Amino acid sequence: MESPTTGRPEAGEVAAQEKIDTSVPHSARIWNYWLGGKDNFAVDRAAGDQYRQVFPGVVDVARASRQFLVRSIRFLAGEAGVRQFLDVGTGLPTANNTHEVAQRVAPDARIVYVDSDPLVLVHARALLVGTAEGRTAYIDGDLHRPAEVIAEAAKTLDFEQPIGLILSGVMGHVPDYETARSIARQLLAPLPSGSYLSLNDGTSLISAEIQQAQDDYNDTGATPYTLRSPDQIAGFFDGLELVEPGVVPCPQWRPDDAVDTPADIDAFGGVARKP
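Just so it is clear, the model here is predicted, and its values are computed rather than measured. (Residues numbered from 1 in each chain as written. Predicted model: local features only at pLDDT ≥ 70, side-chain atom pairs only at ≥ 80, totals over all residues. Heavy atoms only, no water.)

(A) Representation of the overall build of the chain within the structure. Along the chain, the regular secondary structure elements total 10 helices and eight strands. Counting across all 275 residues of the chain, residues that qualify as buried make up 51%. Taking the contacts inside the chain whose residues are at least 6 apart along the sequence as the reference set, 71% of them involve residues at least 24 apart. Of the roughly 11900 Å² of accessible surface on the chain, 49% is carried by carbon and sulfur atoms. (Helix = DSSP H or I, 4+ residues; strand = E, 2+ residues; numbered from the N terminus. Buried < 20%, exposed > 50% of the residue type's maximum accessible area, 1.4 Å probe, protein only. Contact = heavy atoms within 4.5 Å. Areas by Shrake-Rupley, 256 points an atom, 1.4 Å probe, with all protein chains shown as cover.)

(B) Examining the pattern of salt bridges more closely. Evaluated as defined, the whole model comprises 11 salt bridges. When the shortest N-O distance is used, the salt bridge between R74 and D256 registers 3.1 Å. One end of the pair, R74, is in helix α4 (residues 58-77); the other, D256, is in the loop between β7 (248-249) and β8 (267-273), with 182 residues separating them in the sequence. The partly exposed category is assigned to R74, whose relative accessible area is 39%. Between D142 and R145 there is a salt bridge; the shortest N-O distance is 3.2 Å. Taking relative accessible area as the criterion, D142 reaches 24% and is therefore assigned partly exposed. Judged by relative accessible area, R145 falls into the partly exposed class, the value being 44%. Through salt bridges with shared partners, one network takes in E178, R181 and D238. (Salt bridge = Lys/Arg side-chain N within 4 Å of Asp/Glu carboxyl O.)

(C) Quick peek at the pairing of strand β2 (residues 110-115). Judged by how many residues are buried, β2 sits mostly within the fold: five of six residues are covered. Two strands pair when backbone bridges link them, and β2 and strand β3 (residues 135-140) are joined in this way by six bridges, in the parallel orientation. Looking at β3, one finds that Y113 is bridged to Y138. (Pairing = 2+ DSSP bridges.)

(D) Main features of the nonpolar core. Membership of the largest hydrophobic core comes to 44 residues, with the highest contact counts inside it found for Y51, L76, F85 and V271. Contributions of two or more residues to this core are made by α2 (27-34), α3 (42-54), α4, α5 (98-105), β2, α6 (118-127), α9 (209-218) and β8. A total of 12 residues in this core trace back to one element, the largest contributor, which is α4. Ignoring sequence-local partners within four residues, the contact set of Y51 consists of W34, V58, I210, A213, Q214 and Y217. (Core = buried A, V, L, I, M, F, W, Y, C linked by side-chain atoms within 4.5 Å.)

(E) Just unusual backbone geometry, in detail. Residues E244 and P245 are joined by a peptide bond in cis, for which omega reads 10°. Tracing the backbone through its elements, the reader meets P245 in the loop between β6 (241-242) and β7. One non-glycine residue, R254, lies in positive phi territory at about 45°. Tracing the chain through its elements places R254 in the loop between β7 and β8.

(F) A look at the packing of aromatic side chains. Applying the stated criterion across every chain, the model contains six aromatic pairs. Considering the side-chain rings of F68 and W253, the 5.5 Å spacing of their centres and the 75° angle between planes classify their relative orientation as edge-to-face. Separated by 185 residues along the polypeptide, F68 in helix α4 and W253 in the loop between β7 and β8 bring together distant segments of the chain. Overall, W253 belongs to the buried group, its relative accessible area being 0%. Through pairs of rings, three or more aromatic residues link up here, namely F68, F75, Y196 and W253. Cation over ring: R254 sits above W253, and NZ or CZ is 5.5 Å from the ring centre. (Phe/Tyr/Trp six-rings, centres within 6.5 Å; stacked < 30°, edge-to-face > 60°. Lys NZ or Arg CZ within 6 Å of the ring centre and 35° of its normal.)

(G) Structural detail: α9. Of the residues making up α9, those classed as buried are I210, A213, Q214 and Y217. Buried residues of α9, viewed axially, fall in a sector of 100°; they line one side. (Arc of directions from axis to C-beta.)

(H) Spotlight on α3. Taking 1.5 Å per residue as the helical rise, α3 with its 13 residues ought to reach 18 Å, and the 19 Å between its terminal C-alpha atoms agrees with that figure. Listing the buried residues of α3 in full gives D44, A47, G48 and Y51. Each buried residue of α3 lies within a common arc of 100° when the element is viewed along its axis, so the set occupies one face. Residues of α3 that are exposed and point more than 90 degrees away from the buried face comprise A42 and Q53. Looking at the buried positions of α3, the neighbouring elements they touch are α2, α4 and α9. (Expected span 1.5 Å × (residues − 1).)

(I) Representation of the packing of α3 against α9 within the structure. Packing of α3 against α9 leaves a shortest axis separation of 8 Å and a crossing angle of 155°. Here α3 is positioned roughly antiparallel relative to α9, judged by the angle of their axes. Considering the relative orientation of α3 and α9, their crossing is right-handed. On α9, the residues touching Q50, Y51 and V54 of α3 are E209, I210, Q212, A213, Q214, D216 and Y217. (Axes fitted to C-alpha atoms, helices over the stretch in contact; angles between N-to-C directions. Parallel < 35°, antiparallel > 145°, perpendicular 65-115°, else oblique. Left-handed = near helix turned anticlockwise from the far one by under 90°.)

As structure tokens, this is what we get:
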């Protein structure tokens with residue numbers, strides 16, 4: 001992202017770029033590669049190809065997760081009437097980002113993206129631009145510090161009005177299950193009644209190969225990702241009111257014509273309302 005006056009990258013963007021480690025694969029960049037993006041490096045493509053050799057269906061998993069995200073946001077901005085979104089662990093921008101989907105339905109929607117990866121920071125500030133009626137902001141924040149995330153998000157979002165909390169494919173980065181549930185609860189706690197949680201994560205229920213592929217990936221030195229059972233994913237929604245059809249494989253959650261993956265897949269998700 002260049003300064004409009006000098007034509008050179010701004011200092012903050014240069015600092016962020018200098019933090020990017022291209023010697024170790026990164027999940028956001030690998031995910032970008034699987035989804036057909038170009039914001040990745042050779043080390044990410046190598047790790048992505050290695051994963052795919054063991055478990056070829058991983059591209060379908062990535063695609064199903066993304067399609068679930070799109071449908072859940074469309075539901076929240078449409079039928080549920082949500083006008084504010086907090087997307088934690090947003091990853092690299094691709095097609096149909098949270099603000100694009102939400103603001104197509106409700107141009108006045110406000111979206112706050114949260115991520116700690118410097119490459120995401122560089123791209124998000126340049127590309128995640130919302131409508132004139134709404135607002136799109138980016139927080140350089142850590143999932144493991146929910147109080148800090150909420151404090152920064154409150155500068156853009158009104159915490160007296162419903163908020164859609166998006167946790168798409170990120171809670172697996174917290175290895176301990178109870179710690180992961182605690183983080184989710186801490187993010188939900190300050191949200192008012194009528195807010196929603198949209199969450200999906202990877203499982204190893206459908207295919208035995210995915211666990212081996214994930215173990216191999218975790219051995220590369222990248223930030224590990226923990227596959228969870230459908231029951232564990234459902235546990236993130238404890239105390240909330242699940243929207244039909246509940247916690248299911250992502251392609252089975254309110255499918256539309258855009259679904260182009262197998263119906264049974266190792267990515268489960270759901271949407272629930274905070275009473």
